[in-house]
Amino acid sequence: MSSKIIKIALLDMYNGEPNQGMRCIIDVVNRFSPVVSFEIFDVRVKCELPDINKFDIYISTGGPGNPLIGDGNWDVKYYEFIDSLNKWNNENAIKKHVLFICHSFQMACLHFGLATVTKRNDTSFGVMTIHKTKEGLTDPLFEGLADPFYAIDSRDYQVIQPKLSIFAKKGAKIISLEKIRDHIQYERAIMAVRFTDYFVGTQFHPEADPISFVSHLRNKEAKEKIRNMKGKRKFRNMLEDLLDDDKIYRTNETLIPNFLRIAINDLMKTKKMLSN
Ligand SMILES: NC(=O)CC[C@H](N)C(=O)O
C-alpha cells in the first residue's frame, strides 16, 4: 500500500455488473490524489471487506437489486463491518468516515432501523431535483449546493416512513427529500441522511457526471425505456439539464469533494494531535 497519508476503501457493491459508479467515484477520489490513496473491495461477488485498522475513509457504492435481500453471507459481513466502524468511532479519537451511496444508503437506513425500504411503483431514473430539509440547509455535506439542487437518481426502491423516535434517539437527521409531486399522493422519499458526525448517505448518485449518464443512454434499450417512461419532451429537457453547469456538474464537483475535504481535515487534525 502507498505511503500517502489518508487511505480510502471503496466498497464496490455492484455485484459484478457493468456500471458507471466506480469510474465516477475513482475520478472524484483522484482529485485528492496528492494526499489520498485508495483500494477497491468487491463486497458482493468476493465478499471482500477492508481491515478497518488500515483505512480512514470508506465510500460504499450503489448497486443492483433488492436492498432487503443479500445472500446471507456478504450482507451479514457488510452489516457487521458497519457495526465495527461505528464501534470504532465510539471508542477512538481518530474517526472513520463513511459515505453510503444509493444501494448502500438503503441498506444503512434499514440496518440502523431508521425507516422502511419498499419497491417504487416505477423506476426513478434521470436528473432529479433534491430538496434540502431544515437540517440539510446547514449540513456541511451540501455546502455550495443550492436548494433545491440536482442529482442523478437511478433506482427501483425507496426509503420512506422514517421512524422519527429512532432518528432522535440516534441523533440521525434527514437532510434531503424527494421533490414534491403535485398530482400524486405518494410520500416523499428520504434522499439523504446524516447518520452520525462521521457517517452520511445519499439515495441519489453524487458521483455521477454527465458522461456517465450519456454512456448509459448509448444502450438502445435503456434509452428507449427511459424515453418511453418520461415522454419525448421531458427526456429532451433532461438532456438539457445534463449540460447545465449548475446541475449535475455542480453536484459532482461539490458533494463528494465536501465529504472528502471534511474527512481529510478532521483526520489531519486528529492524527497530528495524537502524534504531537
Ligand atoms: N443505483 C442503485 O444503487 C440502486 C439501488 C437499488 N438497487 C434500487 O434499485 O433502488
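Residues numbered from 1 in each chain as written. Predicted model: local features only at pLDDT ≥ 70, side-chain atom pairs only at ≥ 80, totals over all residues. Heavy atoms only, no water.

Going by what an unreviewed UniProt entry lists, the protein is known as GMP synthase and is assigned to Flavobacterium gawalongense.

Caption draft 1: Molecular detail of the sheet that holds strand β4 (residues 97-101). The 9 strands lie next to each other as β2-β1-β3-β4-β9-β8-β7-β5-β6, forming an open sheet whose pairing is mixed. In this open sheet, the two strands that pair with only one neighbour each are β2 (36-42) and β6 (149-160). In this sheet, neighbouring strand axes are inclined to one another by 25 degrees on average, regardless of whether the strands run parallel or antiparallel. Here 2 bridges tie strand β5 (residues 116-132) to strand β7 (residues 173-177), and the two strands are oriented antiparallel to one another. Residue pairing in the sheet places Lys-132 in a bridge with Ser-176 of β7. Docked against the sheet, helix α9 (residues 232-243) engages β5 and β6, running at close to 55 degrees with respect to β5. (Pairing = 2+ DSSP bridges. Helix = DSSP H or I, 4+ residues; strand = E, 2+ residues; numbered from the N terminus. Axes fitted to C-alpha atoms, helices over the stretch in contact; angles between N-to-C directions. Contact = heavy atoms within 4.5 Å.)

Caption draft 2: Inspection of the site of the ligand at higher detail. By nearness alone, every residue bordering the ligand is listed as Gly-62, Gly-63, Pro-64, Gly-65, Cys-102, His-103, Gln-106, Ser-154, Arg-155, Asp-156, Tyr-157 and His-205. In the environment of the ligand, a nitrogen atom lies 2.6 Å from a nitrogen or oxygen atom belonging to the backbone of Gly-65. Taking 290 Å² as the accessible area of the ligand by itself, protein coverage stands at 93%. When contributions to the shell around the ligand are tallied by element, the ones reaching two or more residues are α4 (103-111) and β6. (Near = heavy atom within 4 Å. Polar contact = N/O pair within 3.5 Å; in protein donor to acceptor, adjacent residues only side chain to side chain. Areas by Shrake-Rupley, 256 points an atom, 1.4 Å probe, with all protein chains shown as cover.)

Caption draft 3: Region of interest: the pairing of β5. The sheet contact formed by β5 and β6 spans 11 bridges and is antiparallel. Counted as the bridge partner of Thr-129 is Tyr-150 from β6.

Caption draft 4: Layout of unusual backbone geometry. Across the junction of Asp-147 and Pro-148, the peptide omega takes the value 0 degrees, indicating a cis bond. At Asn-15, a position not held by glycine, the phi torsion is positive, near 60 degrees. For Asn-15, the location among the structural elements is in the loop between β1 (6-12) and α1 (21-30). Look at Cys-47: it is not a glycine, yet its phi comes out positive at around 55 degrees.

Caption draft 5: Examining the side chain of Ser-104 more closely. Secondary-structure assignment places Ser-104 in helix α4. A polar atom in the side chain of Ser-104 sits 2.7 Å from the side chain of Ser-60. When residues no more than four places from it in sequence are discounted, the contact partners of Ser-104 are Met-13, Ser-60, Thr-61 and Tyr-78.

Caption draft 6: Focus on the environment of Leu-137. Within the secondary structure, Leu-137 is located in helix α5 (residues 134-137). Residue Leu-137 is classed as exposed on the basis of its relative accessible area of 52%. Once the C-alpha coordinates of Leu-137 and Ser-176 are considered, the two residues, 39 residues apart in sequence, prove to be 8.9 Å apart. Not counting residues up to four positions away in its chain, the partners in contact with Leu-137 are Lys-132 and Asp-147. (Buried < 20%, exposed > 50% of the residue type's maximum accessible area, 1.4 Å probe, protein only.)

Caption draft 7: A look at the packing of helix α8 (residues 220-230) against α9. Running from N to C, α8 and α9 point in directions that differ by 115 degrees, and their axes come no closer than 6 Å. Taken as a pair, α8 and α9 cross one another with a handedness that is right-handed. Side by side, α8 and α9 meet where Lys-223, Ile-226, Arg-227 and Lys-230 of the first sit next to Lys-232, Lys-234, Phe-235 and Met-238 of the second. The class makeup of the residues in the contact of α8 with α9 is 3 nonpolar, no polar and 5 charged. (Left-handed = near helix turned anticlockwise from the far one by under 90°. Nonpolar A, V, L, I, M, F, W, Y, C, P; charged D, E, K, R; others polar.)

Caption draft 8: Main features of the pairing of β7. As judged from the 4 bridges shared by β7 and strand β8 (residues 190-194), these two strands associate in the antiparallel manner. Residue pairing for β8: Ser-176 is matched across the bridge by Ala-192.

Caption draft 9: A look at the environment of Ile-59. Locating Ile-59 in the fold gives a position in strand β3 (residues 57-60). Note: C-alpha distance between Ile-59 and Val-29 (30 residues apart in sequence) is 9.8 Å. Look past the residues within four positions of Ile-59 in its chain and what remains in contact with it is Ala-9, Leu-10, Leu-11, Ile-25, Val-29, Leu-99, Ile-101, Ile-256, Phe-259 and Leu-260.

Caption draft 10: Broad picture of the packing of α9 against helix α10 (residues 245-275). Taken N-terminus to C-terminus, the directions of α9 and α10 make an angle of 55 degrees; their axes are 5 Å apart at the nearest point. On the basis of the axis angle, α9 is oblique to α10. The residues of α10 that touch α9, namely those facing Asp-241, Leu-242 and Leu-243, are Asp-245, Lys-247, Ile-248 and Tyr-249. Here the residues of the contact of α9 with α10 sort into 4 nonpolar, no polar and 3 charged. (Parallel < 35°, antiparallel > 145°, perpendicular 65-115°, else oblique.)

Caption draft 11: Seen up close, the side chain of Ser-212. Positionally, Ser-212 belongs in helix α7 (residues 210-217). Residue contacts for Ser-212: discarding those within four places in its chain leaves Gln-20, Arg-23 and Cys-24.

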